[in-house]
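Structural description and commentary
Take a look at the letters that make up each chain.
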Amino acid sequence: MHRTRTRTGTWTNWGEGYPDAVLLGATLALLSLGILFVYSTSSIAAERTFGSAHFYLLKQSVFAILGLGVMAGAAYIDYHRWLKLTPLLYGAAIVGLVVVLAGLGHSAGGSSRWIRLGGISIQPSEFAKLALIFYLAHSLANRGDRVRNLQQGFLPSLVMSGLLMLLTLAQPDFGTSMIMGFLTFTLLFVAGTRLSYIFGTVLAAAPLVYWVLFSAEYRRNRILAFLNPWQDPDGVGFQIIQSYIAFGSGGALGRGLGEGRQKLFFLPEAHTDFIFAVFGEEAGFVGVLFLVAIYAIIVWRGLAIAMRARDEYGSFLAAGVTVMFGVQAFINMGVVMGLLPTKGLALPMMSYGGSALLMNLMALGVLQSVHMHGRSA
């Protein structure tokens, strides 16, 4: 049993050296659903492209096994040990993003976001999100009340996170860059920075965001498709219309596992960004509520761990992981249901993608570590 000291200096038992059972159960349930629906959404496409219906299933399963090992390691390692590694993690994120932009990365869909190592594709931006959390948690915990100072607290955090955002945006990956920005402002707010700094920065950046959104034709098309997909149902509005059809045909209880029709080459990116639509078709409204409940449980436990953390570093780490996980899930679901413009963000733990799965499991392992190792360094 671990004894942890509170900020008042008294010792108390907390976490008892064991993982948060509710968080662990929700994580395993989400991971299982993800593997199941990666197979359901990809088997026919994999058979046509690779000659094996199990191609994506096997790759995702391998990353899931590796990810569980990474999660277990991150959980049982005292999270304070990451403090000394923070500069290395941030530097590695910068190097990975620069390598991609230097033309050494793999391009797909008009973006260069991956590094190919043998038969494995690594997405540095997924690692960069986690590295940013480690940096911000370390920096904000060290600065203390100075975070309310513009030059000593707010600007240094903004510059360091802004560098990662710009490198990610240059890929281009607008969605991930915006996640980083939201994550930065949220942690700065939690740390106690002045709201005037945050609002002022948002207002100053608004013209740049507008230019980024409308300077590229594909981004303009995404906005138009969001506003009125039926104006071009066979073009820019095709994907979201197919997503609507998937949800509508699912009804209350769904068509049943494997019985979805929109994944039969009607819905693009069925096993990646739009896997939620196929889930809605096969599991129905009840299944969608169940999936949303799992994400809500993870966010609830993450916030509880952040509030109970025995030091500010642990609190910022837990809050950062929770915000990253919850906001990305919210945005993906909003996009797939037509409530938000398309952003190209995967659904955490559900969408196909090895790098994202590994980093999400590692992040949840860090969250467990804050729960299990509450003792201040």
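Residues numbered from 1 in each chain as written. Predicted model: local features only at pLDDT ≥ 70, side-chain atom pairs only at ≥ 80, totals over all residues. Heavy atoms only, no water.

**A look at unusual backbone geometry**
In this chain, Gln171 is followed by Pro172 through a cis amide linkage whose omega measures 0 degrees. In this structure, Glu269 takes a positive phi of about 60 degrees despite not being glycine. Mapped onto the fold, Glu269 is located in the loop between helix H9 (238-250) and helix H10 (275-308). Note on Glu269: relative accessible area 43%, which makes it partly exposed. A positive phi is found at Met349, a non-glycine position, where the angle reads about 75 degrees. Residue placement: Met349 occurs in the loop between helix H11 (312-336) and helix H12 (354-372). Since its relative accessible area comes to 3%, Met349 is described here as buried. (Helix = DSSP H or I, 4+ residues; strand = E, 2+ residues; numbered from the N terminus. Buried < 20%, exposed > 50% of the residue type's maximum accessible area, 1.4 Å probe, protein only.)

**So, a nonpolar patch on the surface**
A cluster of nonpolar side chains, Ile44, Leu264, Phe265 and Phe266, forms an exposed patch at the surface whose accessible area comes to about 350 Å². Its place among the elements puts Phe266 in the loop between H9 and H10. Accessibility expressed as a relative area gives 42% for Phe266, which makes it partly exposed. (Patch = residues over 30% accessible without salt bridge, like charges linked within 9 Å, V, L, I, M, F, W, Y side chains within 5 Å. Areas by Shrake-Rupley, 256 points an atom, 1.4 Å probe, with all protein chains shown as cover. Salt bridge = Lys/Arg side-chain N within 4 Å of Asp/Glu carboxyl O.)

**A few points about the environment of Gly260**
Mapping Gly260 onto the fold places it in the loop between H9 and H10. Residues Gly260 and Glu126 lie 134 residues apart in sequence; the distance between their C-alpha atoms is 30 Å. Ignoring sequence-local partners within four residues, the contact set of Gly260 consists of Arg255, Glu281 and Glu282. (Contact = heavy atoms within 4.5 Å.)

**Focus on the packing of helix H1 (residues 21-50) against H12**
Between H1 and H12, the shortest axis-to-axis distance is 11 Å and the interhelical angle comes to 170 degrees. Relative to H12, the element H1 lies roughly antiparallel. On H12, the residues touching Leu23, Leu24, Thr27 and Leu31 of H1 are Leu357, Leu361, Leu364, Leu367 and Gln368. Its residues assigned to classes, the contact of H1 with H12 shows 7 nonpolar, 2 polar and no charged. (Axes fitted to C-alpha atoms, helices over the stretch in contact; angles between N-to-C directions. Parallel < 35°, antiparallel > 145°, perpendicular 65-115°, else oblique. Nonpolar A, V, L, I, M, F, W, Y, C, P; charged D, E, K, R; others polar.)

**A closer look at H12**
Between its terminal C-alpha atoms H12 stretches 27 Å, which fits the 27 Å expected from 19 residues at 1.5 Å a residue. Burial analysis of H12 places 19 of its 19 residues in the buried class, which makes it a mostly covered element. (Expected span 1.5 Å × (residues − 1).)

**Here's the deal with helix H6 (residues 174-191)**
With 18 residues, H6 extends 26 Å from end C-alpha to end C-alpha; this agrees with the ideal 26 Å at 1.5 Å per step. Among the 18 residues that make up H6, 13 are buried, leaving the element largely enclosed by the rest of the structure. Count one or two residues on from H6 and you reach Gly192, which has phi positive near 105 degrees.

**Details of the confidence of the model for the protein chain**
Averaged over every residue, the pLDDT of the protein chain is 87; residues scoring 70 or more account for 91%. Averaged pLDDT values over the elements of the protein chain bottom out at 38 in strand S2 (residues 11-13) and peak at 96 in H10. Scored below 50 in pLDDT, residues 1-15 makes 39 contacts in the model with residues more than four places away or belonging to other chains. (pLDDT = per-residue confidence, 0-100.)

**Description of the packing of H1 against helix H2 (residues 55-76)**
At their nearest, the axes of H1 and H2 sit 6 Å apart, and the two run at 155 degrees to each other. What the angle tells us is that H1 and H2 run roughly antiparallel. Our pair here, H1 against H2, has a crossing hand that is right-handed. Here H1 contributes Leu24, Thr27, Leu28, Leu31, Ile35, Val38, Tyr39, Ser42, Ala46 and Phe50 to the contact with H2, which in turn contributes Phe55, Tyr56, Leu57, Gln60, Ser61, Ala64, Leu68 and Met71. Partitioning the contact of H1 with H2 into residue classes produces 14 nonpolar, 4 polar and no charged. (Left-handed = near helix turned anticlockwise from the far one by under 90°.)

**Looking at the environment of Met180**
Within the element layout of this structure, Met180 appears in helix H6. Separated by 86 residues in sequence, Met180 and Ile94 place their C-alpha atoms 14 Å apart. When neighbours within four sequence positions are excluded, Met180 is seen to be in contact with Ser125, Ala128, Lys129, Leu132, Leu164, Met165 and Thr168.

**Observations regarding the layout of surface pockets**
Its volume calculated, the second largest pocket comes out at about 570 Å³. Of all the elements in the fold, those that place two or more residues in the lining of the second largest pocket are helix H5 (150-169), H6 and helix H7 (195-215). Considering each element in turn, the lining of the second largest pocket owes the most residues, 7 residues, to H7. Considering only residue class, the lining of the second largest pocket consists of 15 nonpolar, 4 polar and no charged. (1 Å grid on protein atoms, 1.4 Å probe; cavity = no way out; pocket = protein on both sides within 12 Å on 5 of 7 lines; lining within 4 Å. Points joined across faces, edges and corners; volume = space filled by probe spheres on them.)

**Side note on the side chain of Glu281**
Relative to the elements of secondary structure, Glu281 occurs in helix H10. Within polar-contact distance, the side chain of Glu281 engages the backbone nitrogen of Arg261 at 2.9 Å. One polar contact links the side chain of Glu281 to the main-chain amide nitrogen of Gln262, over a distance of 3.3 Å. (Polar contact = N/O pair within 3.5 Å; in protein donor to acceptor, adjacent residues only side chain to side chain.)

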